[in-house]
Structures are given as structure tokens and as C-alpha cells.
Amino acid sequence: MRVSIPYRQEKVEVNIPDKNLIGIFYPNEVEIKDERETLIEAIDNPIDARPIDEFLSDARDVLIIVNDHTRPTPTRNILDIIYDKIKDKPIKFIIASGVHRPPTPEEFEFIFGQYYDAFKDKIFVHDAKKEEDMVYIGTSKNGTEMWVNKLGVEAHKLITISSVEPHYFAGYTGGRKSFLPGIASYKTIEQNHKHALKPGAKALALEGNPVHEDMIDALKTIKDKEIFSIQTVLDKERRIYAATAGDIYSSFDEAVSKAHEVFCVKIPEKADIVVTVAPYPMDVDLYQSQKAIDNGKLALKEDGILIMVSACRTGIGPKDFFELLASCASPKEALEKIDQGYKLGYHKAAKLAEIGLWAKMWAVSDLPDKDVESIFMKPFHSIQDAIDEALKVKGSNASVLVLMDGSITVPMLG
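Peer 1: Honestly, the overall build of the protein chain in this entry has me stumped. Any pointers?
Peer 2: Counting its regular elements, the protein chain contains 15 helices and 20 strands. Across the 414 residues of the protein chain, 59% fall into the buried class. Pairs at least 24 residues apart make up 76% of the contacts formed inside the protein chain by residues separated by at least 6 positions. Carbon together with sulfur atoms contributes 47% to the accessible area of the protein chain, which is approximately 16600 Å² in total. Counting 52 positive and 65 negative side-chain charges, the protein chain places the centres of these two groups 2 Å from one another.

Peer 1: Just to check I follow, could you spell out helix α8 (residues 210–220) for this structure?
Peer 2: Spacing of three or four residues puts side chains on the same side of an α-helix, whose turn is 3.6 residues. α8 sits mainly inside the fold: 9 of its 11 residues count as buried. Among the residues making up α8, those that are buried are Pro210, Val211, His212, Asp214, Met215, Ile216, Asp217, Ala218 and Leu219. As for α8, its buried residues are in contact with β7 (134–139), β8 (145–149), α7 (186–194), β12 (226–234) and α9 (248–263). N-cap assignment for α8: the residue whose side-chain oxygen lies 3.0 Å from the backbone N of Val211 is Asn209.

Peer 1: Just checking my understanding: could you explain the pattern of salt bridges for this structure?
Peer 2: A pair can form between side chains of opposite charge whenever their charged atoms are brought close. Under the counting rule described, the total for this entry stands at 23 salt bridges. For Asp58, the salt bridge goes to Arg50, with nearest N and O atoms at 3.2 Å. We classify Asp58 as partly exposed; its relative accessible area is 41%. Residue Arg50 is classed as partly exposed on the basis of its relative accessible area, which comes to 28%. Residue Asp53 pairs with Lys85 through a salt bridge whose shortest N-O separation is 3.3 Å. In this pair, Asp53 is assigned in helix α2 (residues 52–57) and Lys85 in helix α3 (residues 75–86), connecting sequence segments 32 residues apart. Residue Lys85 is classed as partly exposed on the basis of its relative accessible area, which comes to 22%. One continuous salt-bridge network, built from bridges that share partners, spans Arg50, Asp58, Lys157 and Glu226.

Peer 1: What am I meant to see in the packing of helix α12 (residues 331–340) against helix α13 (residues 346–356) here?
Peer 2: Think of two packed helices as two axes; the pair is described by the angle between the axes and how far apart they sit. One can describe the packing of α12 onto α13 by two numbers: an axis separation of 8 Å at closest approach and a directional angle of 145°. Seen from above, α12 lies across α13 with left-handed handedness. Together, Pro331, Ala334, Leu335 and Ile338 of α12 and Tyr346, Ala349, Ala350, Ala353, Glu354 and Gly356 of α13 make up the contact between the two elements. Partitioning the contact of α12 with α13 into residue classes produces 8 nonpolar, 1 polar and 1 charged.

Peer 1: Looking at this structure, how should I read a negative patch on the surface?
Peer 2: Negative charge collects at one region of the surface, where Asp34, Glu37, Glu41 and Asp44 lie side by side. With respect to the secondary-structure elements, Glu37 resides in helix α1 (residues 35–44). You can call Glu37 partly exposed: its relative accessible area is 48%.

Peer 1: Looking at this model, I keep getting lost on the packing of aromatic side chains. Mind explaining?
Peer 2: A ring pair, where both rings are aromatic, is described by two values, the distance of the centres and the angle of the planes. By the definition in use, this model includes 12 aromatic pairs. Ring centres of Phe112 and Tyr116 lie 6.3 Å apart, and the angle between their planes is 35°; this geometry places the pair in the tilted category. Like Phe112, the residue Tyr116 is buried in the burial classification. Between Tyr287 and Phe321, the ring centres sit 5.6 Å apart and the planes meet at 70°, which makes this aromatic pair edge-to-face. Residue Tyr287 is found in helix α10 (residues 286–296), and its partner Phe321 is found in helix α11 (residues 320–326); the two are separated by 34 residues along the sequence. Of the two residues examined, Tyr287 and Phe321, each falls in the buried class. Feature note: the residues Tyr83, Phe93, Phe108, Phe112, Tyr115, Tyr116 and Phe119 constitute an aromatic cluster, connected by ring pairs. Sitting over the face of the ring of Tyr26, Lys236 holds its NZ or CZ atom 4.2 Å from the ring centroid.

Peer 1: What am I meant to see in the sheet that holds strand β9 (residues 157–163) here?
Peer 2: Sheets are built from strands that pair by backbone hydrogen bonding, the pairs being arranged parallel or antiparallel. One open sheet holds the 6 strands; their spatial order is β6-β5-β4-β9-β12-β13, and the pairing between them is mixed. Each end of this open sheet is capped by a strand with a single partner; those strands are β6 (123–125) and β13 (240–246). Strand after strand, the sheet turns through a mean of 20° between neighbouring axes, direction not considered. Relative to β12, β9 runs parallel, the two being bridged by 7 bridges. Residue pairing in the sheet places Ser163 in a bridge with Thr232 of β12.

Peer 1: Looking at this structure, I do not really get the side chain of Asp294. What am I missing?
Peer 2: Of note, Asp294 is situated in helix α10. Using a relative accessible area of 6% as the deciding quantity, one classes Asp294 as buried. In terms of polar contacts, Asp294 uses its side chain to reach the side chain of Lys297, at 3.3 Å. Ignoring any residue separated from it by four or fewer positions in sequence, one finds Asp294 in contact with Tyr168, Lys351 and Ile355.

Peer 1: I'm lost on the nonpolar core in this one. Help?
Peer 2: The biggest cluster of nonpolar side chains holds 68 residues, and the ones touching the most others in it are Phe179, Leu286, Ile293, Phe321, Leu325, Met377 and Leu401. Among the elements that line this core, the one with the most residues is α13, at 6 residues. Once residues lying within four places of it in the same chain are set aside, the contact partners of Leu325 are Ala334, Ala349, Leu352, Ala353, Ser374, Ile375 and Phe376.

Peer 1: Can you help me understand the packing of α10 against α13 in this one?
Peer 2: At a closest axis distance of 11 Å, the pairing of α10 and α13 adopts a crossing angle of 35°. Here α10 and α13 pass one another in a crossing that is left-handed. Contacts between α10 and α13 involve Tyr287, Gln288, Gln290, Lys291, Ile293 and Asp294 on the former and, on the latter, His347, Lys348, Lys351, Leu352 and Ile355. Across the contact of α10 with α13, the residue classes break down as 4 nonpolar, 3 polar and 4 charged.

Parameters at a glance
Starting afresh in each chain, residues are numbered from 1 along the sequence in its written order. It should be noted that, the model being predicted, local features are given only for residues of pLDDT at least 70 and side-chain atom pairs only at 80 or more, the latter also being counted only at that level, while totals for whole chains, interfaces and linings use all residues. Side-chain measures here rest on the full set of heavy atoms in the structure, leaving out hydrogens and waters. A run of H or I in DSSP counts as a helix once it spans at least four residues, and a run of E counts as a strand once it spans at least two, with each numbered from the N terminus. Buried means the residue's accessible area, taken with a 1.4 Å probe over protein chains only, is under 20% of the maximum for its type, while exposed means over 50%, and partly exposed covers the values in between. Contact definition: two residues touch when any of their heavy atoms are within 4.5 Å. The Shrake-Rupley method, run with a 1.4 Å probe, gives the accessible areas here. Residue values count only the displayed protein chains as cover. Lys and Arg are tallied as positive, Asp and Glu as negative. Neither His nor the chain termini are counted. Where a charge lies is defined by one atom per residue type, namely NZ (Lys), CZ (Arg), CG (Asp) and CD (Glu). Polar contacts, as used here, are pairs of N or O atoms within 3.5 Å; protein pairs need one atom able to donate a hydrogen and one able to accept it. Residues neighboring in sequence count only if both atoms are side-chain atoms. Every case where a carboxyl oxygen of Asp or Glu lies within 4 Å of a side-chain nitrogen of Lys or Arg is listed as a salt bridge. Under this scheme, a helix contributes an axis fitted over its contacting stretch, all axes are lines through C-alpha atoms, and angles between N-to-C directions fall in the 0 to 180 degree range. The crossing is said to be left-handed when, going from far helix to near helix, the turn is anticlockwise and less than a right angle, and right-handed when the turn is clockwise. For this classification, the nonpolar set comprises Ala, Val, Leu, Ile, Met, Phe, Trp, Tyr, Cys and Pro, the charged set comprises Asp, Glu, Lys and Arg, and every other residue, Gly included, is treated as polar. Patches here: salt-bridge-free residues with over 30% relative accessible area, like charges joined within 9 Å, nonpolar side chains (Val, Leu, Ile, Met, Phe, Trp, Tyr) joined within 5 Å. Only Phe, Tyr and Trp rings are paired, with Trp represented by its six-membered ring, and only when their centres lie within 6.5 Å; those with planes under 30 degrees apart are stacked, over 60 edge-to-face, the remainder tilted. Charge-over-ring placement is defined geometrically: NZ (Lys) or CZ (Arg) within 6 Å of the ring centre, and within 35 degrees of the ring normal. At least two DSSP bridges between two strands are needed for those strands to be called paired. Here, nonpolar core means buried Ala, Val, Leu, Ile, Met, Phe, Trp, Tyr and Cys residues that are tied together by side-chain atoms lying within 4.5 Å of each other.

Structure below.
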């Protein structure tokens, strides 16, 4: 069977024998209505909150928190709806970049679209390492010292614009994530992400998830600040399936239920070989692409082969996780080293190392072979070559499963 697999912003044709292919899985098919109308309906009918016009009418100033280039959030589409409402108001934007690098000029255009020129003098990029920009807002019940960008604390009101999809250790993206880790300090994000090593930190889990609990605690410290939250749920084509707005908690809960309809995908059985794709823009680097690996493992048999497909367009990304893995001779040694002392990024290393204990990991990417090999993965530069080699290793009757959007698809047996 000929299969078109996304790589960068193109499609690569590969052949997978029919007898081997269990299936090709995307996020679930859902009915897409007029996207603009979906946004208008949500914004005009906020959940547990005043209408946005009332929200803005008495605002001394408003900070609008938007996702960065590593998320497919349709910020520019939302600006289409609210531009006339905000254009003459005292607003600023901050890009909730967490510990990610700043956007490139092309990525600013991706985020803001035609509105970039109009707003560029009002846009700030959060820098988690710029300590002079941070203020202390308390300590979470899990012990995280919460320092966040003063723009978020000093603003009279906040608008958050985000998208909601499964996240491999925060449960889901969106909502509270705009604040922590979005505009939090490096040391706060480091402490928060250490909780990703705990069993409760996993995809779809909110109750009992210590990472999520930290994020909620951060929001509680500004409970008297009025927040108007706009959240979207996208389908597999990055079209707007659902939108919610209003109270940051209520709108998030409603968006989560819609996200579950899209991203939780039933598979008939686990496979010997899983091809898991990190499509654009999630293919920005290895750090982001790891999410496709973590979801892919849920569809893989023990001792199977997990093939990550991602260009890793800008390289490794934040390097602490990479350097930790590269300094160790085995996944077991890496996990032991993480136990001895945690740094931000080590949660990525731990998740990869854990898979390395029971499965083989291969990578089709633009990364140098030596870099891939140093983190217990076998490098390829052709998707077809990787699939053919995997079938040789696992045998002619080996089963193959493809996750076309592994970064956000959560496979579930059923």
C-alpha cells in the first residue's frame, strides 16, 4: 500500500505491504462547521464570564497571552474576530514561550498573520531566564516556587489565547498552561517539570497530576484578576473543530471534552513496528518531536521498533536532555543519573530512556547520525529505508501501525 507521510511541509510516498499494515491512524474525523462562526459563537457566548465587550469596557490595560510557534493555535483567526474590539484599547501581547527560543520573523507571521505589522510594537517575547522580569507569587502545594513574568501580574486584565490537545505529562495543553509554564521563570518551569517523572503525570490525566496541580496553584495566586480565556480545539487538518471562551477553568474543561473526541483514537491491537510522525510545526526540533515518541509507545508491543519521523528542522532544541543521554552508555544508566539530580529537560531524557528499556527507537530526521546514535536511537534519512529495515528485523509477518500526527494522537486499545 502506498502511504503519504508528512515530512517538513511536504508529503513523502512510502510503500508498506498490505499484509503488514494494521492501519493508518489520524486524530478522529469530526464535523467541521464554519470556522469563523465557531469562533464568534464561543466569544459571543462566554462560559461563566462577562461578554468580552464588557470585559474590555472598564479595563485600564490588558495583556494578551498567546502561544508560540511550537503550537498550531490559530491566533491570527481569533484576532480576525476580536481585532475591532481591541485595536484601540491599551493592550500588550506576550508570547508564552516557556523555555522555547524566540520566534523567527516567519514564525511571528505564523502567529499573528496580517496583524503582525499593526501590533509588532506591542508584542513582547517571554524570556524565562531574564530574572529581572520575574516576580514571586507564592509556593505551590507540591513545593514549586512560582516566579512569573511581571507583565502578567501587573496587568489589570488578561486575555489568554490557546489550543487544547493531549499533552504527554501535563494531561492537556491549553488554559492554565498559558501562565505556567507559558510566562514562568526558568527555575519555576524546572521545578514544575520535575513532577513529570511521577506516575500521575501522563497524557489525558488531570486529577492527581502534579504538573497540572502546579499550574492550577499558579492561577489561584491571581484569582482576583479578571481573565477572558479563548481556547480552540483543532482537527487533524488544523481546522477549528470547537472553541470555548470565558472563565479560564470552565472554558478549559469544556475544551478538554471536545479534545477527547478528536485526539483519543482507538486501535485494534498493538504493533511490532510503529511509525509515529511529528508533523509541522511540531517537527521544529527533537525536544518537541519527542512527544510523538511518547504517544507512539502506547501502540507498540514490547521489544517492538518505534520509528519517529521528524525533520527536527532547527536541530536538537534545549540541550540538557540530549547531553544527559549522550553522556550515558545505556538507558538504565541515564535513569540512574537522573535520580541523582534533576535539570530542566531531564523529563524528556527519562521518557526516552524508559522506552529504551523495552523497545528499539529509530529516527528519520535531518539530524546528524552521531547525534541520533548518542541518544540510543538508530538514524535514518529515508522513511522507506527505515520501514524496510524494521520489517527485516522483526520478520516478514511483522505488524505495522502508522500515527500520522503522533504529537497529539493518543492511541487506545478498544
